[in-house]
Amino acid sequence: MKKRVLVSGGAGYIGSHVTVELIQAGYDVVVADNLSNCDLTCFEGVKKITGKDDIPFEKIDCCDYDAVDRLFSEFRIDAVIHFAAFKAVGESVAEPLKYYRNNLVSFLNILDASKNHGGCNVLFSSSATVYGETDVLPVTEQSPRQPATSPYGNTKQISEDILRDTVKATAAYGAEVMAGMDRQGPVKGIALRYFNPIGAHPSALIGELPRGVPNNLVPYITQTAIGKRECLSIFGNDYPTPDGTCQRDYIDIVDLAKAHVAAVARMVEGKMKKDYEIFNVGTGRPVSVLELVNAFEKVNGVKLNYKFAPRRAGDVTAIWADPTLAEKELGWKAVRTVEETLASAWAWEKHLAGKA
Ligand code: UFG
């Protein structure tokens, strides 16, 4: 029988790419999304790419426990991938309660329902932001976490801890231990710490759909290139890096999605070495903002209007992953080049503009 994966936030940018890869790897998927930060564009794209018209879609808010509980009653769920969360760093500083309430309550509900329905495998969508500013690069999973610099980042750290504690507390749950409460079962967990996901599916049918002015670099670049924005501001050129601009580890969205498939397989096939595991999902390759801009111009043959601007508050100078553990344990490695990824981002922007 096919294993079934519940993808919360599955209509969004990362969720839609992961849904495609799961289906193509032979999983059944249930998508749950409240559409608070996206519409059904990407979900429709997922159906086209996979040729599957009957992917179950549940419009629910994971902050509603009863709705989550109903899903677990309706479907036999072998694993959950939890993406449903707010993700704008600046907004989280202005509205911390909104972020703590949404990001934590939804995850608590997913974990509670997982535990209450006989146990489940839970994959949490974490972030390299948990490492903060560090001089020791690249970062491994053992690198110490630094205090979060935003409520958004804090929700990632707290959620990792909640998952760790839940896994520990439920490890012994089983029919004999919890006599009379035999529907409760163990939760096993993996946290994937993403570096900077960019790009779009090679079909250009799904990609990032930022609402309003983009916060992140690549959508800002593509929107500037297409003429929706006048000029890209490069935030800071006086950092202690080779060219003075920040360095990040840009990970292709399809590569990132495949890491989820590998992690789900590890969980459902009983191959985890510990009940709670953490993996970096990055390329191991630092790229500066200026290098990324130059690569975009070159690979797509477009000229980008940009200027240097003051540093952006809260940005770390440089961060990139040591992806060795994921390679060894998940058998996963990023394969797409930055050029391929930037070409896919541009193809998606043109698709959106109806020019492709
Ligand atoms: N940048 C610019 N101009 C822009 C936008 C970004 O120069 O218009 C620069 C930033 O200063 C940074 C780099 O591009 O040096 C990357 O910025 P992004 O906003 O694309 O990504 P971040 O590294 O800030 O974001 C990552 C993750 C987030 C996470 C955040 C936490 O993508 O999900 O780290 O700090 F929340």
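Cut-offs and rules
- Residues numbered from 1 in each chain as written.
- Predicted model: local features only at pLDDT ≥ 70, side-chain atom pairs only at ≥ 80, totals over all residues.
- Heavy atoms only, no water.
- UniProt positions renumbered as here; feature names shortened; annotations may be inferred.
- Helix = DSSP H or I, 4+ residues; strand = E, 2+ residues; numbered from the N terminus.
- Buried < 20%, exposed > 50% of the residue type's maximum accessible area, 1.4 Å probe, protein only.
- Contact = heavy atoms within 4.5 Å.
- Phe/Tyr/Trp six-rings, centres within 6.5 Å; stacked < 30°, edge-to-face > 60°.
- Lys NZ or Arg CZ within 6 Å of the ring centre and 35° of its normal.
- Salt bridge = Lys/Arg side-chain N within 4 Å of Asp/Glu carboxyl O.
- Near = heavy atom within 4 Å.
- Polar contact = N/O pair within 3.5 Å; in protein donor to acceptor, adjacent residues only side chain to side chain.
- Areas by Shrake-Rupley, 256 points an atom, 1.4 Å probe, with all protein chains shown as cover.
- Nonpolar A, V, L, I, M, F, W, Y, C, P; charged D, E, K, R; others polar.

The protein chain is annotated in an unreviewed UniProt entry as UDP-glucose 4-epimerase of Candidatus Cryptobacteroides merdavium. The UniProt entry for the protein chain carries this comment under Cofactor (unreviewed entry): "NAD(+)". On record in UniProt, under Sequence similarities (unreviewed entry), the comment for the protein chain is "Belongs to the NAD(P)-dependent epimerase/dehydratase family."

### Let's talk about the environment of Gly 236
Inspection of the secondary structure assignment puts Gly 236 in the loop between strand 8 (232–235) and strand 9 (247–248). Here Gly 236 falls in the buried class, since its relative accessible area comes to 2%. In contact with Gly 236, other than residues within four places in its own chain, are Gly 244, Thr 245, Ala 309, Pro 310 and Arg 311.

### Looking at the packing of aromatic side chains
On inspection of all chains with the given rule, the structure shows six aromatic pairs. Their ring planes at 35° and their centres at 4.8 Å tell us that Phe 107 and Phe 124 sit as a pair that is tilted. Separated by 17 residues along the polypeptide, Phe 107 in helix 5 (residues 96–116) and Phe 124 in strand 5 (residues 120–127) bring together distant segments of the chain. On the basis of relative accessible area, Phe 107 is assigned to the buried category, the value being 0%. Positioned over the ring face of Phe 86 is Lys 98, at 5.1 Å from the centre of the ring. Above the plane of the ring of Tyr 239 lies Arg 311, whose end atom (NZ or CZ) is 3.9 Å from the centre.

### A few points about unusual backbone geometry
Leu 137 connects to Pro 138 through a cis peptide bond whose omega is 0°. Along the polypeptide, Pro 138 turns up in the loop between strand 5 and helix 6 (151–170). Of note in the backbone geometry, Leu 35 takes a positive phi value of approximately 55° without being a glycine. Mapped onto the elements of the fold, Leu 35 is located in the loop between strand 2 (28–32) and helix 2 (41–50). For Leu 35, a relative accessible area of 19% corresponds to the buried category.

### A closer look at the pattern of salt bridges
Where charged atoms from two side chains of opposite charge come close, those side chains can pair. Counted under the stated rule, the structure contains 24 salt bridges. As a salt-bridge pair, Arg 76 and Asp 78 come within 2.5 Å of each other at their nearest N and O atoms. Classification of Asp 78 by relative accessible area gives buried; the value is 17%. Of the charged contacts in the structure, one is a salt bridge between Arg 164 and Asp 165, with a shortest N-O distance of 3.0 Å. The partly exposed category is assigned to Arg 164, whose relative accessible area is 39%. Residue classification places Asp 165 among the partly exposed positions, given a relative accessible area of 41%. Each of Arg 145, Glu 160, Asp 161, Arg 164, Asp 165 and Arg 193 takes part in one network of salt bridges that share partners.

### Some thoughts on the site of the ligand
What surrounds the ligand is a group of 18 residues, the closest being Tyr 152, Leu 217, Ser 233, Arg 248 and Asp 315. Backbone polar atom of Asn 215 to an oxygen atom of the ligand: 3.5 Å apart, as the coordinates give it. Take Ser 233: an N or O atom from its main chain is 2.7 Å from a nitrogen atom of the ligand. Protein chains bury 87% of the 690 Å² of accessible surface belonging to the ligand in isolation. Contributions of two or more residues to the shell around the ligand are made by helix 7 (217–226) and strand 8. It is strand 8 that provides the largest number of residues to the shell around the ligand, a total of four residues. Split into classes, the residues belonging to the shell around the ligand amount to 10 nonpolar, five polar and three charged.

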